[in-house]
Amino acid sequence: MDSISMISSLIFIFCAFCFSGANSSTLGVNYVSRLLEIQERERAPSSLQLTAAYGVLNRLIPSHFSSFEFHVIPKEHCDGEFCFNISNHPGSAREGSPEILISGTTAVEILSGLHWYLKYWCGAHISWSKTGGAQLASVPYPGSLPAVQDTGIVVKRPVPWSYYQNAVTSSYTFAWWDWERWEQEIDWMALQGINLPLAFTGQEAIWQKVFKNFNISTSNLDDFFGGPAFLAWSRMGNLHRWGGPLPQSWLDQQLILQKKILARMFELGMTPVLPAFSGNVPAALKHVFPSAKISHLGNWFTVNSDPRWCCTYLLDATDPLFVEIGKAFIEQQLKEYGRSSHIYNCDTFDENTPPVDDPEYISSLGATIFEGMQSADSDAVWLMQGWLFTYDPFWRPPQMKALLHSVPLGKLIVLDLYAEVKPIWATSKQFYGTPYIWKVTLLFFFYVSDAVFNVIRCMLHNFAGNVEMYGVLDAVGSGPVEACISDNSTMASLIVGVGMSMEGIEQNPVVYDLMAEMAFQHNPVDIKAWINLYSRRRYGRFVQPMQDAWNILYHTIYNCTDGAYDKNRDVIVSFPDVEPKSISTMQIALNDIHEQYGKRYLGRAILEEVNDSYDKPHLWYSNSDVIHALKLFLESGNQLSDSSTYRYDLIDLTRQALAKYANELFLDVIEAYKLDDLHAVSHLSQKILGLVKDMDMLLRCHDGFLLGPWIESAKKLAQDEDQERQFEWNARTQITMWFDNSEEVASLLRDYGNKYWSGLLRDYYGPRAAIYFKFLIESLEEGNGFNLRGWRREWINLTNNWQNSRDVFPVKSTGDALNVSQWLFEKYLQDLGSHDH
């Protein structure tokens, strides 16, 4: 899905079985069991899984490689469920013997057990390297690991699957990864209990071979594939060629990489989800097969319907050629990879409307899509992302029902990617459902005539890899369990998994730590207690001010209950492209002086007016509360400054507070402009520009906030100078203008992939803001209206030049995070700690 449609999510997987009769419900349950049995038979041998599990252990904590012994056990040892068992090793009293024995039904369960032990017996924390990495300093030395109770610890999965990824994560995060980085991610997946990940890498090389058999040449595909940073949207038929063409070396190396990824996933006992044919075809196919039913789709976010990038071609699913291509694609994957897990992702009409709305046509469309999969794999299951139902009003109840009924019972999994804001089925009269209130999320189980299908419900969390502290921890800690134990007298239901589906990773580690754990929780989590423990694990020791700070963050940043999605539109990273006088600057003081955390605060919020001129920043908490939490972070610095996890969190929290302060400063600039106050506009503009430079210096203090690694990893995959220039342009473009623009009209997706990265603030966001402020000042000096056209021309010119530039940015951090954060707190924030600006 595209960056707008593919709503970043933490997802809960529900298998909703109808109650039209016992047979359909039984059919659904039996099918899930059958699929699991097939996957169990085809799983890697125990010896191979153990080798893979020991490899993860050695990479994670090599000093303790001999401290653990792993065993693979049959599910019968866990009452037929997936589980892990942690016990004291029988020979632990002997010197040099392993201390802890961990058994599990697969290597993933074994490594989940290892993580569980390190987490709850050793006070450790495992995070992505960019968000601070693993905190393992609290793990005792070999020979002195804490024992568990004599009876051991058995933890069963309440549901069999833990799902991971989003179709666009492949571009927003994974675009430039090599095997070394993929290996780290697969290790992380296994430790988090993930066993159902998407596996989309390298599919262009498969398509090249498939289309060759349909007389489509390699040169014809130059216009079909997008560039490396835009492949997700090329795959979904949203655009073509943008950022391309793809060099043959790219196609070849990505296929090699995919084989390594799949091999490791299978070795660990995972169930990787492969792609399937959705109907997206090269333009050349209509010439090779002139009688084929091929639709020329409409514009997708280009500014002038530019045919170079937009208006892709879709093969009608009712055309006989559709099944041939669909079958050939699955077969080619099976030939290249040697096997599959029988679950295939396919999204047709992603932000593209079908040519007719006849339910019979829609039904035949769905049936044909599935036939293409099943003709190559008789055990195929279709995994479909349900964004099309939310995005396009075309999908009314009859059309939805027709598509969902088109697939054999139990063989369709639907991902509802926007459930907490706009549930797909909430207004459908064709469905009967009992709602569950999950904080701001409505969860529905549905009865659709006599259809049985799986519904995956989602919680929005991250767009485009934007850097923003945000979450709804209470919902994460209770929603999956409440759904599992729900008692509905009108329908039978089976929850088959939990999971995470965000557009970009490497942010908000607290949210992902908790969500991954929910794959093994049978009861709601006491988030207050969990947060207190998280703080200790995250930094490796107890520090009272940090406990207090995280209690504030839990009640503010990580307690968003307003129902609004969180797409980062902070002024610094998403500058308003509007006439300044159209921006509302009205603010109100709330009369609720409240006391929290032992301190009195005067709350204040921006008065929201109906104004569609630009997307306003989202603020769901009192910034003064968060500034107080930051003060507590700083007070803990003397004890924690040697911790990478602490430095990451300190920088992120300082950035968060400064970003929200910058939003208010910008409104002050606009208010001064409306009052014709030239002096105030000049002064406040310089204050914002100085703040942007200071924030760039702050972000420079941790590797996780650097632009350099993104660009250099892109260049590293190039085989020559031309490829290096192309890949770098892809990397720079995705995080700025993103897509097509003209000289005077910015991309409709501008700033969608915005990032708070050092180098990007200094060299792009700051200069862009300076251009806008220059035009504000000129408007006041000359007594003319704001030159919106002139501003856009200069901004777009700046952007295009920056995208084509070759400046090199650091890949290693410099500077003292604690000192810089303390300085910025004193310079900008300390007077705001008891009241909002």
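- Per an unreviewed UniProt entry, the protein is named Alpha-n-acetylglucosaminidase, and its organism is Nicotiana attenuata.

### Concerning the overall build of the protein
At step 1: Each helix and strand counted, the protein has 26 helices and 20 strands in total.
At step 2: Taking all 837 residues of the protein together, 64% fall into the buried category.
At step 3: Entry remark: accessible area of the protein is about 29,000 Å², with carbon and sulfur atoms responsible for 50%.

### Brief notes about the packing of aromatic side chains
At step 1: Evaluated as defined, the whole model comprises 62 aromatic pairs.
At step 2: Both rings, one in Trp128 and one in Trp188, keep their centres 4.7 Å apart while their planes meet at 25°; by these two values the pair is stacked. Placement of the pair is Trp128 in the loop between helix H3 (107-120) and strand S5 (153-156) and Trp188 in helix H5 (residues 179-191), with a sequence separation of 60 residues. For the pair shown, Trp128 and Trp188 are each scored as buried.
At step 3: Following the ring pairs from residue to residue traces out a cluster consisting of Tyr172, Phe230, Trp233, Trp242, Trp300, Phe301, Trp309, Trp729, Trp738 and Phe739.
At step 4: Above the face of the Phe266 ring, Arg339 is positioned so that its terminal group lies 3.8 Å from the ring centre.
At step 5: A cation sits over an aromatic face here: Arg537 above Trp530, 5.7 Å from the ring centre.

### Here's the deal with the state of the cysteines
At step 1: A full pass over the atoms with the stated rule returns 2 disulfides.
At step 2: Sulfur-sulfur distance for the disulfide between Cys78 and Cys83 comes to 1.7 Å.
At step 3: Between the sulfur atoms of Cys310 and its disulfide mate Cys311 the distance is 2.4 Å. Because the sign of the S-S torsion sets the handedness, a value of about -55° for the bond joining Cys310 and Cys311 places this disulfide among the left-handed ones.
At step 4: Note on Cys310: relative accessible area 1%, which makes it buried.
At step 5: Note on Cys311: relative accessible area 12%, which makes it buried.

### Some details on the sheet that holds strand S9 (residues 280-281)
By way of backbone hydrogen bonds, the strands of a sheet pair with one another, either parallel or antiparallel.
At step 1: The strand order across the open sheet formed by 3 strands is S9-S11-S10, and the pairing between neighbours is antiparallel. At either end of the open sheet lies a strand with only one pairing partner, and these are S9 and strand S10 (294-296).

### Description of the pattern of salt bridges
At step 1: Under the definition given, this model contains 40 salt bridges.
At step 2: One salt bridge in this structure joins Asp79 and Lys156, with 2.5 Å as the shortest N-O distance. Placement of Asp79 in the loop between strand S2 (68-72) and strand S3 (83-88) and of Lys156 in strand S5 is noted, with a sequence separation of 77 residues between them.
At step 3: What makes Asp79 exposed here is its relative accessible area of 61%.
At step 4: A relative accessible area of 25% means that Lys156 is categorised as partly exposed.
At step 5: The partner of Arg789 in a salt bridge is Glu744, and the shortest N-O contact between them spans 2.8 Å. Note that Arg789 is positioned in helix H25 (residues 788-804) and Glu744 in the loop between helix H23 (721-734) and helix H24 (760-782), a separation of 45 residues in sequence.
At step 6: Residue classification places Arg789 among the exposed residues on the basis of a relative accessible area of 57%.
At step 7: Here the salt bridges do not stand alone but share partners, grouping Arg59, Glu183, Asp187, Arg264 and Glu267 into one network.

### Topic: helix H20 (residues 644-674)
At step 1: With 31 residues, H20 extends 45 Å from end C-alpha to end C-alpha; this agrees with the ideal 45 Å at 1.5 Å per step.
At step 2: Directly beyond the C-terminal end of H20, a positive phi value near 60° is found at Asp676.

### Overview of the side chain of Asn345
At step 1: Looking at where Asn345 falls in the secondary structure, it is placed in strand S12 (residues 343-345).
At step 2: Other than its neighbours up to four places away in sequence, Asn345 contacts Phe200, Val273, Leu274, Pro275, Ala276, Leu383 and Gln385.

### Let's talk about the sheet that holds S3
At step 1: Ordered in space as S2-S4-S3-S5, the 4 strands form an open sheet in which the pairing is mixed. Here the strands that pair on one side only, and so sit at the sheet edges, are S2 and S5. Pairs of neighbouring strands in the sheet enclose a mean axial angle of 15°, with direction left out of account.
At step 2: Note that S3 and S5 share 4 bridges and pair antiparallel. Bridging from a neighbouring strand, Phe84 pairs with Val155 of S5.

Cut-off values and rules
Residues numbered from 1 in each chain as written. Predicted model: local features only at pLDDT ≥ 70, side-chain atom pairs only at ≥ 80, totals over all residues. Heavy atoms only, no water. Helix = DSSP H or I, 4+ residues; strand = E, 2+ residues; numbered from the N terminus. Buried < 20%, exposed > 50% of the residue type's maximum accessible area, 1.4 Å probe, protein only. Areas by Shrake-Rupley, 256 points an atom, 1.4 Å probe, with all protein chains shown as cover. Phe/Tyr/Trp six-rings, centres within 6.5 Å; stacked < 30°, edge-to-face > 60°. Lys NZ or Arg CZ within 6 Å of the ring centre and 35° of its normal. Disulfide = S-S within 2.5 Å. Pairing = 2+ DSSP bridges. Salt bridge = Lys/Arg side-chain N within 4 Å of Asp/Glu carboxyl O. Expected span 1.5 Å × (residues − 1). Contact = heavy atoms within 4.5 Å. Axes fitted to C-alpha atoms, helices over the stretch in contact; angles between N-to-C directions.

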